[in-house]
Amino acid sequence: MTVEYGLVLHPAYRAEHSIVALLERFHASGSADSSRRMGRFDLSIALRWIVMRNQIANLQGLRAFAAIIVVYYHLQAVLNDNFGTSLDNSYGAYGVDVFFVISGFIMFFTNAKLNKRADQFMLNRVIRIMPLYWLATFFLLPFYLLGFHPNGLNYLDTELFVKSLFFIPGVFPDGRQDLVLSLGWTLMYELFFYIAFALTFFQRSLTKSLCTLTAVFGLLVLSGFVVESSAFFVSFVQSKIILEFLFGAAFAVLFLRFGDEAVFRSVPLGTVLVILGLFAPLAMSFYFHDEMLEPEGLRYLFFGIPAFSLVAGAVILENANLRLQASSVLLLGAASYALYLFHPVLIHGTVKVVAALRLASDGWGAALATLAAFGVAVVGAVVIHLLIERPILAIGHRLTSPRSGGNAAPDRSRSSQERLISL
C-alpha cells in the first residue's frame, strides 16, 4: 500500500497504531479514493486525517505550559496586593504568544485542503470559543458582587457587560477601553485571524491563503506607521501581534510540504529550538519589560519569534517520535482554554481565602497561596473542561457535521480532534 500511494508516514504517528493499520483505516475512510482522483497521493491529506484521530501531543504540552505561565503572570499582582510581595516579571505573558503561534499552525495544518465552507469553519470556531467565554464572563458576576474584583475588575454596569459578551470593549470610568473579562482581548485577535483565514478559503490553496494573509496583515501593520488613530478598532488591526499567527501558519505550510525531509525529523534541531523558545524570552523578560507587553510594540519579536521557535521545535521532535506521554499534562493541555478563561476568578478567590486565614507569615503565606491558587485553578479548569467544555464541543460537532445535516451520531474520535484544534 505504501508503494501504491507513495506515502511516507512520520514516526510520531506510530504511537497508537501501526503504519499498516493507519493506512488501512485511511483507505477505508474513502479519503484515499478522493486523492487518487487528483492524480497523486497528497501527504498533507494523510497527515490531516491521521492527526485528527490522534493529537499532536507536544503541542498539547505547550498549551499546558502556556496556560500555566499565564496563570502565574496574573497571580503576581494578586500576591502583591495580599501579601506585600513585589513580583513583576513579564515572562508569564509569553503564554499568549505561544497560543497565537499554535493557533496559526493548527488552523492551517488541520485545514490543509480547505475543503470546508467558510461559514462552516466560522460556525465551528464560534462554537469553540463563545459558549465558554460567555460562561466565564457570567462567572465573574457573583465574585464581583462579593467584592473580589477578579483580574482588576473594579467597575461594572449592564452596558459594559452586554458589550463584553460580543467582544465590544466598553469605556470604564478610568478611561480605558476593555472587556469585563479583560483577557478576552486575546480572543478578539483569534477571531480576527479566523475570519481573515476563512475569507481566503475560496483560493483552495494554503500557500495562496498564507500569501494573502501575509500581504493583508503586513499592510495593516505598515499602515500603523502612516496613520495613527485613537479609534480602538483601527489600532487593534494595526497591531504587530497579529503577525504571530502567520509564524505558525508559515511553519504549517512548510511542514505539510517538506515534513518527510530529514531536517523536520532532526532531534538536535528540535531540541535547540525548544530550548531557545523556553529560555530566550525568560532572559529577555528581565531587561525589556514594558516593550515586550505591548501588542502594538516589539512583542512580536521578543515573544513572537521565540514562540515560533518553541512550536517548531515541539513539532519537529514529535515528528522524530519524541512524543509527550504524560497523560496528566495532556489533560491539562486539553483543559488549557478553560484554565485560561477561569483562572482570574479562581486564583483571586483562593489567594483571598489563604490571606484571610493567616496560616503563615507573609513570605510563607505567599508561597502557600501560590500552591493553593495553582491547585484550585488546575483542578477547577479540568472539571470545567470535562463536565462543561467537552459536552459543548460534542453538541457543536453534531450541529456542524456535514455528513448528516447536523444529526450525525457522536464521533467517538472527535475528542482528540477537538483537543488538537482548541485554542
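Just so it is clear, the model here is predicted, and its values are computed rather than measured.

**Student:** Describe a nonpolar patch on the surface, naming the residues involved and giving the relevant values.
**Tutor:** Taken together, the side chains of Leu 135, Leu 331, Val 379, Val 383, Leu 386, Leu 387 and Ile 388 make up a nonpolar region of the molecular surface, amounting to roughly 560 Å² of accessible area. The dominant element in the nonpolar patch, judged by the number of residues it contributes, is helix α18 (residues 362-400), at five residues. Here Ile 388 is to be found in helix α18. We classify Ile 388 as partly exposed; its relative accessible area is 32%.

**Student:** With reference to specific residues and values, describe the packing of aromatic side chains.
**Tutor:** Evaluated as defined, the whole model comprises 34 aromatic pairs. Aromatic side chains Phe 109 and Phe 255 sit 5.9 Å apart centroid to centroid with 50° between the ring planes, which places their arrangement in the tilted category. In this pair, Phe 109 sits in helix α6 (residues 94-109) while Phe 255 sits in helix α12 (residues 243-258), placing the two residues 146 residues apart along the sequence. The same class applies to Phe 109 as to Phe 255, namely buried. With centroids separated by 5.6 Å and ring planes inclined at 20°, the aromatic side chains of Phe 192 and Phe 217 adopt a geometry described as stacked.

**Student:** How would you summarise the packing of helix α5 (residues 57-83) against helix α15 (residues 299-319) if you had to cite specific residues and measurements?
**Tutor:** Where α5 meets α15, the closest approach of the two axes is 8 Å, and the angle between their N-to-C directions is 145°. Our pair here, α5 against α15, has a crossing hand that is right-handed. Across from Ala 57, Asn 58, Leu 59, Leu 62 and Phe 65 in α5, the residues of α15 making contact are Leu 310, Val 311, Ala 314, Val 315, Leu 317 and Glu 318. For the contact of α5 with α15, a count of residues per class yields nine nonpolar, one polar and one charged.

**Student:** Kindly report on the pattern of salt bridges, identifying the contributing residues and their values.
**Tutor:** One pass over the full model with this rule turns up seven salt bridges. We note a salt bridge from Arg 176 to Asp 174, for which the minimum N-O separation is 3.0 Å. With relative accessibility at 29%, the residue Arg 176 sits in the partly exposed group. A salt bridge links Arg 323 to Glu 318; the shortest N-O distance between them is 3.1 Å.

**Student:** Describe helix α8 (residues 158-165), and please don't skip the residues or the numbers.
**Tutor:** For α8, the set of buried residues is Leu 160, Phe 161, Ser 164 and Leu 165. Each buried residue of α8 lies within a common arc of 135° when the element is viewed along its axis, so the set occupies one face. Downstream of α8 by a residue or two, Phe 167 has a phi angle that is positive, lying close to 60°.

**Student:** Give me unusual backbone geometry: which residues, what numbers.
**Tutor:** A negative phi angle characterises most non-glycine residues, just as the trans form characterises most peptide bonds. One non-glycine residue, Phe 167, adopts positive backbone phi at about 60°. By secondary structure assignment, the location of Phe 167 is in the loop between α8 and β1 (170-171). For Asn 321, which is not a glycine, the phi torsion comes out positive at approximately 75°. Following the sequence through the fold, Asn 321 ends up in the loop between α15 and α16 (327-334).

Rules used throughout
- Residues numbered from 1 in each chain as written.
- Predicted model: local features only at pLDDT ≥ 70, side-chain atom pairs only at ≥ 80, totals over all residues.
- Heavy atoms only, no water.
- Patch = residues over 30% accessible without salt bridge, like charges linked within 9 Å, V, L, I, M, F, W, Y side chains within 5 Å.
- Areas by Shrake-Rupley, 256 points an atom, 1.4 Å probe, with all protein chains shown as cover.
- Salt bridge = Lys/Arg side-chain N within 4 Å of Asp/Glu carboxyl O.
- Helix = DSSP H or I, 4+ residues; strand = E, 2+ residues; numbered from the N terminus.
- Buried < 20%, exposed > 50% of the residue type's maximum accessible area, 1.4 Å probe, protein only.
- Phe/Tyr/Trp six-rings, centres within 6.5 Å; stacked < 30°, edge-to-face > 60°.
- Axes fitted to C-alpha atoms, helices over the stretch in contact; angles between N-to-C directions.
- Left-handed = near helix turned anticlockwise from the far one by under 90°.
- Contact = heavy atoms within 4.5 Å.
- Nonpolar A, V, L, I, M, F, W, Y, C, P; charged D, E, K, R; others polar.
- Arc of directions from axis to C-beta.

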